[in-house]
Amino acid sequence: MAESGSDREMSFWDHLDVLRGTLFRALGAVCLCSVLGLVFKEFLFDGIVLAPTRPDFCVYRLLGWNLTMELINVEVSAQFFVHLKAAFAAGVIVSFPYIILEIWRFLSPALYERERRPVRTAFAMSTGLFYLGVLVGYFIVLPVCLQFFMNYTVSDAVANTITIGSYMSMFFSMVLLIGVVFEFPTVVLVLNRMGVLHRGTLRKGRRYAVVLVLVLSALITPSDPFSMFVLAVPLYLLYEFSILLCSKSAESPEANE
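Just so it is clear, the model here is predicted, and its values are computed rather than measured.

*Asks:* Can you walk me through the packing of helix H2 (residues 41–49) against helix H4 (residues 78–107) in this structure?
*Replies:* Axis angle and axis distance: for two packed helices, these are the angle between their axes and the distance between the axes, and together they describe the pair. With their axes 11 Å apart at the nearest point, H2 and H4 run at an angle of 85° to one another. Taken together, the axes of H2 and H4 lie roughly perpendicular to each other. Together, Lys41, Leu44 and Phe45 of H2 and Val82, His83, Ala86, Ala87 and Ala90 of H4 make up the contact between the two elements. A per-class count over the contact of H2 with H4 returns 6 nonpolar, 1 polar and 1 charged.

*Asks:* For this particular structure, what's the right way to read the state of the cysteines?
*Replies:* Simply put, the disulfide is a covalent bond whose two ends are the sulfur atoms of two cysteines. Under the counting rule described, the total for this entry stands at 0 disulfides. Here Cys58 is not disulfide-linked; the sulfur of Cys145 is the nearest cysteine sulfur, at 16 Å. Cys58 gets classed as partly exposed once you look at its relative accessible area, which sits at 36%.

*Asks:* Even after reading the chapter, I still don't get the side chain of Ser173, so can you show me in this structure?
*Replies:* Position of Ser173 relative to the elements: it lies in helix H6 (residues 164–181). Owing to a relative accessible area of 16%, Ser173 belongs among the buried residues under this scheme. Of the polar contacts made by the side chain of Ser173, one reaches the backbone oxygen of Met170; its length is 2.9 Å. If we skip the residues at most four places from it in the chain, Ser173 touches Ile178 and Ile220.

*Asks:* Explain H6 here, please?
*Replies:* Each α-helix turn comprises 3.6 residues. Residues three or four places apart therefore point the same way. A rise of 1.5 Å per residue sets the reference length of H6, with its 18 residues, at 26 Å; its end C-alpha atoms lie 25 Å apart and thus fit the reference within 8%. Buried within H6 we find Ile164, Tyr167, Met168, Met170, Phe171, Phe172, Ser173, Met174, Val175, Ile178, Gly179 and Val181.

*Asks:* Where do I start with a nonpolar patch on the surface in this structure?
*Replies:* On the surface, Val35, Leu36, Leu38, Val39, Phe40, Phe43, Ile48, Phe80, Phe81 and Leu84 cluster together into a nonpolar patch covering about 950 Å² of accessible area. Looking at the nonpolar patch element by element, the count peaks at 4 residues for helix H1 (residues 12–39). Within the secondary structure layout, Leu84 lies in helix H4. You can call Leu84 partly exposed: its relative accessible area is 34%.

*Asks:* I keep staring at the side chain of Thr127 and nothing clicks. Help me out?
*Replies:* By secondary structure assignment, the location of Thr127 is in helix H5 (residues 113–150). Setting aside its immediate chain neighbours within four residues, Thr127 contacts Phe96, Pro97 and Ile100.

*Asks:* What is the right way to look at the nonpolar core in this model?
*Replies:* It is characteristic of soluble globular proteins that their nonpolar side chains tend to be buried jointly. In this structure, Val49, Val141, Leu146, Tyr167, Met168 and Phe171 are the most contacted members of the largest nonpolar core, which totals 55 residues. Every element with two or more residues in this core is listed here: H2, helix H3 (58–63), H4, H5, H6, helix H7 (184–193), helix H9 (206–220) and helix H10 (225–245). When residues of this core are assigned to their parent elements, the largest contribution, 14 residues, is made by H5. Apart from the residues lying within four places of it in its own chain, the contact partners of Tyr167 are Val49, Leu50, Pro52, Thr53, Met69, Leu71, Leu142, Leu146 and Ile162. Formed by 7 residues, the second largest nonpolar core is a distinct cluster that contains Val188, Leu197, Leu202 and Ile243.

So, how was this worked out
- Residues numbered from 1 in each chain as written.
- Predicted model: local features only at pLDDT ≥ 70, side-chain atom pairs only at ≥ 80, totals over all residues.
- Heavy atoms only, no water.
- Axes fitted to C-alpha atoms, helices over the stretch in contact; angles between N-to-C directions.
- Helix = DSSP H or I, 4+ residues; strand = E, 2+ residues; numbered from the N terminus.
- Parallel < 35°, antiparallel > 145°, perpendicular 65-115°, else oblique.
- Contact = heavy atoms within 4.5 Å.
- Nonpolar A, V, L, I, M, F, W, Y, C, P; charged D, E, K, R; others polar.
- Disulfide = S-S within 2.5 Å.
- Buried < 20%, exposed > 50% of the residue type's maximum accessible area, 1.4 Å probe, protein only.
- Polar contact = N/O pair within 3.5 Å; in protein donor to acceptor, adjacent residues only side chain to side chain.
- Expected span 1.5 Å × (residues − 1).
- Patch = residues over 30% accessible without salt bridge, like charges linked within 9 Å, V, L, I, M, F, W, Y side chains within 5 Å.
- Areas by Shrake-Rupley, 256 points an atom, 1.4 Å probe, with all protein chains shown as cover.
- Salt bridge = Lys/Arg side-chain N within 4 Å of Asp/Glu carboxyl O.
- Core = buried A, V, L, I, M, F, W, Y, C linked by side-chain atoms within 4.5 Å.

In short, shape yes, function no, at least from these values alone.
See below:
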């Protein structure tokens, strides 16, 4: 990586110093945004995090679902640490555009001029895809999983009473992980423009993509068939979208044989 505005090559320690600054600034942005989650606790939990547990949640009213969910706490310090985790997750979500900007600033000096425009486009697109994944997890996958599991019992004698820790684990996996997974087209676009991944390779790999999507859906969701299918559909559509993003001029020779 050549130093910006200079002809001298940066040493390994120079790179490490730049990376350290990038990480510190990104972490500082996350911590700063996390403070908002600590200060506005009522809005974070009552308005956002716990909204899918109430029967008046917009998705349930739209679909006519009747969800009754009661959360309990069984550990002395659980609510405090749940607040810290939720505030940190909120900080990551709010500061995500800045994190992407810092990553771009670190990587861009290492790119050739012809690579910078498509990679810059991919990084700009990554923010929208991340927030799209968060919305899909929050408004689609999470409510479907809650509706299924809260209405499933092995016997009428066993009531579903959920701990706050159990709910928050599902919330984080449904929202944050799906947001990260939605970055797949960004990775594909960058690799394609750099000549590493080709459209023909993705086309030939559709049958394997279906299996991988199902496995990934099983890892993210609680593995019931319905919630797996709900997540697998948008994930496979992302795969097809990634194929469309690939440049036709970057077809692999093997794909044309």
